[in-house]
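# Results of the structural survey
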Amino acid sequence: MNEQKLTPADLFTNLKNAYRQDDIEELDIKTLRYVLYARRSTTNDERQERSIPDQIADCYDRVIVPKELNIIGAVREEKGSAKEPNTRPAFRTMLEDIKSGKIDGIVAWHPDRLARNMMDAGEIIDLLDKGILKDIQFATSSFENSPTGKMLLGISFVLSKQYSEHLSENIKRGNRRMTEDGLFLGKMKHGYLISDDRLFPDNWFTNIKTAFQMRLEGSTQEAIVQALNRSDYRVRKRGKDPEKYKWDKDSVSSMLKDPVYAGVLKYGNNLVKLEDHYDFMPVVTVEEFMSINKISDLKSPALVSSMLVKESRDTLADLMRGRVYCGFCNKPFTSSITSKRSGDNLTHYYYYRCESDGCVFKNSAVRASKMIEFAANYLEQHSFTTQSNYDEYVTDSKQYAHTQKRDITSSIARYTKIISDKQGEYDRAKKLVAQKPELSKHYDLDALSKEVEVFTQEQQELQSKRDSLGVALLTYQEYLELFSQTGVILRQSGDMAKLDAVLRKFFLNFTIKAYGKGSKQRCDITCTLNEPFAGFVRTGNFEHGRGDRT
């Protein structure tokens with residue numbers, strides 16, 4: 001019996017069918033093992049978000065039951081902010097279970113439950129990229145594990161971070177306005193009683209005045225510490241009874257440098273003359289304050305550097321914070337600033353430093369300029385300026401606008417429910433108080449009414465934002481011009497906020513292995529790109545070098 005001889009054509013056909021089958025095979029989510037994660041902030045910065053029980057109920061009603069998902073173990077609950085990385089033990093344990101293969105997917109109410117900072121967000125997207133985390137399901141939005149889906153998820157994380165920062169800006173703006181009105185927002189000031197957010201001399205005002213006088217007469221800070229501690233000095237923090245206070249050299253030094261004792265209130269970067277708002281009684285004159293702090297001229301840099309240097313450094317220390325890793329231990333670098341003064345010029349040098357125990361690079365540092373130069377060179381060698389790059393930019397921008405509009409519409413619907421519930425609560429309380437006036441002390445009708453008003457206003461702002469939402473697309477020529485300037489911006493800009501914005505647009509994170517120190521230090525740097533740029537590189541869809549199209 002003659003057996004039919006197989007030909008290369010037979011092999012080709014079978015392999016082609018097999019590959020085609022692999023290409024069309026879809027992930028069966030019913031076979032995956034999911035964990036349900038729910039988080040609510042313990043502070044008041046997310047008061048419009050759902051409670052943990054409501055999040056869990058929504059996840060079951062909208063995702064778990066309809067899609068028949070397999071939930072492994074108990075709900076991972078967390079009460080705490082997600083603004084900073086490495087602060088949530090339940091979240092960290094969940095990621096470790098994913099890495100060890102115990103869990104395949106996550107169910108959460110909204111992306112901002114998972115991350116409001118880019119380090120945690122980057123870790124989640126990295127797990128998706130590597131296929132270790134196979135799926136994420138949200139009760140309030142959909143997610144597709146694709147380059148576009150990961151890009152949109154990244155945008156959601158960025159928007160969550162932006163919300164936190166915007167909230168912080170609103171709080172700072174309100175504090176600034178109150179400070180400008182001469183109001184004191186802190187807990188206490190030595191020697192002063194806080195009444196109606198204003199500062200008035202208290203029982204220990206004369207003790208503080210004596211401390212300043214001692215310094216004027218040449219007494220050491222140690223002598224002032226001993227004198228204050230012998231006086232049974234007590235402090236009265238806002239809303240609390242006086243407490244025994246133990247002075248040290250640091251607390252005395254801080255007090256002597258505080259301009260409030262000469263009549264100028266400093267809150268953050270905000271300054272106000274208190275005498276313009278009420279009859280404030282200073283401890284010392286301006287001349288005495290200058291003498292104590294060795295300030296010969298009000299225009300002297302020493303005046304600013306002694307009181308405002310911290311704010312200046314904080315502003316500078318945000319360049320890719322939490323997204324630059326040590327190549328030896330794979331843990332995030334900490335940011336640090338060193339400053340050198342030449343005459344009246346103060347120059348800041350930005351460093352990344354490893355502080356991980358056991359790392360061979362511990363307590364060593366690398367200048368941020370190394371990373372910036374790498375990024376500039378990388379973007380010059382990978383120029384995303386092809387026509388197809390631009391076409392994808394247009395498509396993704398339109399899709400993002402559509403997704404944002406959908407999410408805003410969903411938020412408006414939630415506000416409608418919240419306002420209805422709050423109005424019902426107000427109506428019930430008002431009716432009950434009318435029937436039984438003795439219960440009025442248990443219900444703050446004004447506060448309930450104010451809540452309805454605030455939520456209504458926030459809903460109206462969302463409606464206005466949705467109505468005005470459009471897609472402001474760059475022309476292809478504008479798109480080219482934007483990218484042609486990227487390297488110049490990175491190398492020449494001294495604006496850390498601008499540098500940070502440009503880098504975060506393209507790069508998810510950097511990993512740096514540094515060898516040696518100083519001018520001879522050599523660095524091996526790698527990077528992870530954000531989508532869709534990572535996809536462009538994988539497919540070779542970019543212009544190589546300074547103009548050779550790949």
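Here, the structure is the one placed above.
Before going into details, it helps to say that this report is about the structure given with it.

Reading guide: rules and limits
- Residues numbered from 1 in each chain as written.
- Predicted model: local features only at pLDDT ≥ 70, side-chain atom pairs only at ≥ 80, totals over all residues.
- Heavy atoms only, no water.
- Helix = DSSP H or I, 4+ residues; strand = E, 2+ residues; numbered from the N terminus.
- Contact = heavy atoms within 4.5 Å.
- Buried < 20%, exposed > 50% of the residue type's maximum accessible area, 1.4 Å probe, protein only.
- Salt bridge = Lys/Arg side-chain N within 4 Å of Asp/Glu carboxyl O.
- Pairing = 2+ DSSP bridges.
- Axes fitted to C-alpha atoms, helices over the stretch in contact; angles between N-to-C directions.
- Core = buried A, V, L, I, M, F, W, Y, C linked by side-chain atoms within 4.5 Å.
- Expected span 1.5 Å × (residues − 1).

### Thoughts on the overall build of the protein
Scanning the protein from terminus to terminus reveals 18 helices and 20 strands. Sequence-distant contacts, at least 24 apart, represent 65% of the contacts inside the protein between residues at least 6 apart.

### A short note on the side chain of Lys-189
Within the secondary structure, Lys-189 is located in the loop between α6 (147–180) and β6 (192–195). The class for Lys-189 is buried, based on a relative accessible area of 17%.

### Concerning the pattern of salt bridges
All chains considered together, the criterion is met by 21 salt bridges. We note a salt bridge from Arg-88 to Asp-120, for which the minimum N-O separation is 3.1 Å. One end of the pair, Arg-88, is in the loop between β3 (76–79) and α3 (89–99); the other, Asp-120, is in helix α5 (residues 118–129), with 32 residues separating them in the sequence. With relative accessibility at 1%, the residue Asp-120 sits in the buried group. Among the ionic pairs, Glu-531 bridges to Arg-538, the shortest N-O distance being 3.0 Å. Since its relative accessible area comes to 12%, Glu-531 is described here as buried. Judged by relative accessible area, Arg-538 falls into the exposed class, the value being 54%. Among the charged side chains, a network of salt bridges with common partners joins Arg-88, Arg-92, Glu-96, Lys-99, Asp-120 and Glu-123.

### Some words on the environment of Thr-475
Mapping Thr-475 onto the fold places it in the loop between α14 (445–468) and α15 (476–484). Residues Thr-475 and Tyr-390, 85 residues apart in the sequence, show an inter-C-alpha distance of 8.9 Å.

### Some thoughts on the sheet that holds strand β17 (residues 507–515)
In spatial order, the strands read β12-β17-β18; together these three strands make up an open sheet with mixed pairing. The open sheet has two free edges, formed respectively by β12 (324–326) and β18 (522–529), since each of these has just one partner strand. Here the average twist between neighbouring strands, direction ignored, is 25°. Where helix α17 (residues 496–506) meets the sheet, it contacts β17 and β18, and its direction lies at approximately 105° from that of β17.

### As for the nonpolar core
Across soluble globular proteins, you tend to see nonpolar side chains buried next to one another. Membership of the largest hydrophobic core comes to 40 residues, with the highest contact counts inside it found for Leu-319, Tyr-352, Met-371, Phe-384 and Phe-507. Per element, the largest residue contribution to this core is seven residues, and it comes from helix α12 (residues 368–381). Not counting residues up to four positions away in its chain, the partners in contact with Met-371 are Leu-319, Met-320, Val-324, Tyr-352, Leu-503, Phe-510, Ile-512 and Ile-525. If you look at the next biggest cluster of nonpolar residues, it comprises 30 residues, including Trp-247, Met-255, Val-272 and Ile-292.

### What about α5?
The end-to-end C-alpha distance of α5 is 16 Å, a good match for the 16 Å that 12 residues give at a rise of 1.5 Å each. Restricting attention to buried positions, one finds in α5 the residues Met-118, Met-119, Asp-120, Ala-121, Gly-122, Glu-123, Ile-124, Ile-125, Leu-127 and Leu-128.

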